[in-house]
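Chain and residue survey
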Amino acid sequence: MVQSRTIVLAQMIAVLGIAASCAQSGGDVQVVDLRCEYQTNPLGVDVPQPRLSWQLQSQQRGQKQTAYQILVATDEALLAEGKADLWDTGKVVSDQSVHVVYAGKPLASRTCCYWKVRVWDKDDTTCDFSKTSQWEMALLDEADWKARWINDGKANPTRDEDFYKEDPAPLFRKAFELPKAAKKARLYVTGLGYYEAHLNGRHLGDSSLDPAWTAYSKRVFYSVHDVTGLLRDGNNCLAVTLGNGWYNPLPLRMWGHLNLREHLTVGRPRFIAQLEIELADGSRTTVVSDETWKVAQGPILRNNIYLGELYDARREVPGWDRPDCNDADWAHAAVAAEPIGRLQAEPLPPIKLTATVRTVKITEPKKGTFIFDMGQNFAGWPMLAVYVPTGTQITLRYGELLNKDGSLNPMTSVCGQIKRASAGGPGAPEIAWQSDTYIAKGKGIEVYMPRFTFRAFRYVEMTGYPGTPTLATLEGLRLNTDVAEVGRFECSNELFNRIQTMCQWTFLSNIFSVQSDCPHRERFGYGGDLVATCDSFM
């Protein structure tokens, strides 16, 4: 027994000795999670002096940073050699690890900056440098933009009731040729109200409902995409489609009197795109949005944030976003003349698909009317998968509740309390509920989800489906601004755990770039709602 205790004691002393040795060498402290302007390796930073941040990891209690050194270089190989041609802070005695303002050489547009950090611990012992991170400057000056805002050349209606007629979402394309392979390529792009960009048949990025909602008269956020790997030697095609979003809302009379078109910056849907390419031989070429782009009508016949979409798959244009599409009969785009705010690189996480919600039950309270129960409330999209004859028209309506007879109660989700005839103004529906309609092309399995609106619901009512749907016919896609989870709560009381989950899903349903009062009826960023919930959000 004595011998056993002696062995254990010797092992403990050895472990403590190793820990002390690590502390003395600084090996116990690691610098991780390097961020520039709150983002990890951002491509578009338009702050002339970005703020840098990092975190420390240590197995030792009471460990802390007493000094730091930052190296920033224009070349990763240069940085690996410990050479910093942009900024070398030297040893700075400070415990600051958040919002360290860049103070090196002035940064020009498009500059790629590689950086790393090391710190000194509580015993003034230095640790190893962090792994290399990077950021890339965006277009800092208005003169950097050679592209122009363009639209489909049409005028918006002059009468309120005409806004409710079919007005297909436009498809834009620009074919171009590259003589050599691309070494580096960046696409700077945005659109109002919403846009989706494609290159050679590929949808760019994994975000949705871009850009984030802003006061468009003051600023419009744009995104930066690394598209180097999507370009090819020879023929290429850059393409964009537009939705109305918050830039071209309907003249609905919210609560019988509030017309958003009188309070928001509005106009015909538009976009701006600038594709900058460095070729393998070092030469450069740029593709910009201008009047040479071609435009045609797409299959989304109507789209609105609140009322939803009408999608006719029979009017899809196969290959519209590919180089070999014949666009000879397409019209030319027009320059958008309405004044707009300055362009700014998007500084917040985009809206993304963050969870899939499966249907848990289907009921048929009335013949041909099916109710899909998703099991819980959330905000996002339905995803419909059907195999039906051409021309089949399937309508989806959404709600939080069911009536006593099992039918859908959509009334708690009605836009702006428009629940009776004439309440919404000329041309408005009698009841402004959330709905989407899909008209099938009748070619194999068809998958549809709305693109330029979002929903908040637990129940989905389906009508027009010729047969009996299955649980796989409809799924839910939860969307929200892709904020990071910074903490978790779990306890032995399952009720508390369920309340925590409910609160979390509720919060996520209310952050579609703007923290909103609710994700269905109103969707506005009211100050009162935000003040009451901001502490909980954080």
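The shown structure was predicted, so the numbers you read here are calculated from the model rather than taken from an experiment. (Residues numbered from 1 in each chain as written. Predicted model: local features only at pLDDT ≥ 70, side-chain atom pairs only at ≥ 80, totals over all residues. Heavy atoms only, no water.)

**Focus on the side chain of Thr111**
Structurally, Thr111 can be placed in the loop between β6 (100-101) and β7 (112-120). Of the residues examined, Thr111 reaches a relative accessible area of 18% and is grouped as buried. Within polar-contact distance, the side chain of Thr111 engages the backbone oxygen of Ala108 at 2.8 Å. Here Thr111 is in contact with Trp135, Glu136 and Met137, once residues within four sequence places are set aside. (Helix = DSSP H or I, 4+ residues; strand = E, 2+ residues; numbered from the N terminus. Buried < 20%, exposed > 50% of the residue type's maximum accessible area, 1.4 Å probe, protein only. Polar contact = N/O pair within 3.5 Å; in protein donor to acceptor, adjacent residues only side chain to side chain. Contact = heavy atoms within 4.5 Å.)

**Some details on the packing of aromatic side chains**
Each pair of aromatic rings is reported with the distance of its centres and the angle of its planes. Using the criterion set out here, one finds 21 aromatic pairs in the structure. When the centroid spacing of 4.9 Å and the interplanar angle of 65 degrees are considered together, the rings of Phe172 and Phe271 count as edge-to-face. A residue pair is termed long-range when its members are at least 10 positions apart, and Phe172 in strand β10 (residues 170-178) and Phe271 in strand β19 (residues 270-279) qualify at 99 residues. Ring centres of Trp246 and Tyr306 lie 5.8 Å apart, and the angle between their planes is 85 degrees; this geometry places the pair in the edge-to-face category. In this pair, Trp246 sits in the loop between β16 (234-243) and β17 (253-254) while Tyr306 sits in the loop between β22 (300-304) and β23 (308-312), placing the two residues 60 residues apart along the sequence. In terms of burial, Trp246 and Tyr306 fall into one category: buried. Ring-pair connections join several aromatic residues into one group, and the members of that group are Trp213, Trp246, Trp255, Tyr306, Phe524 and Tyr526. One cation-aromatic arrangement involves Arg270 over Trp149; the distance from NZ or CZ to the ring centre is 5.0 Å. (Phe/Tyr/Trp six-rings, centres within 6.5 Å; stacked < 30°, edge-to-face > 60°. Lys NZ or Arg CZ within 6 Å of the ring centre and 35° of its normal.)

In short, geometric facts, not functional conclusions.
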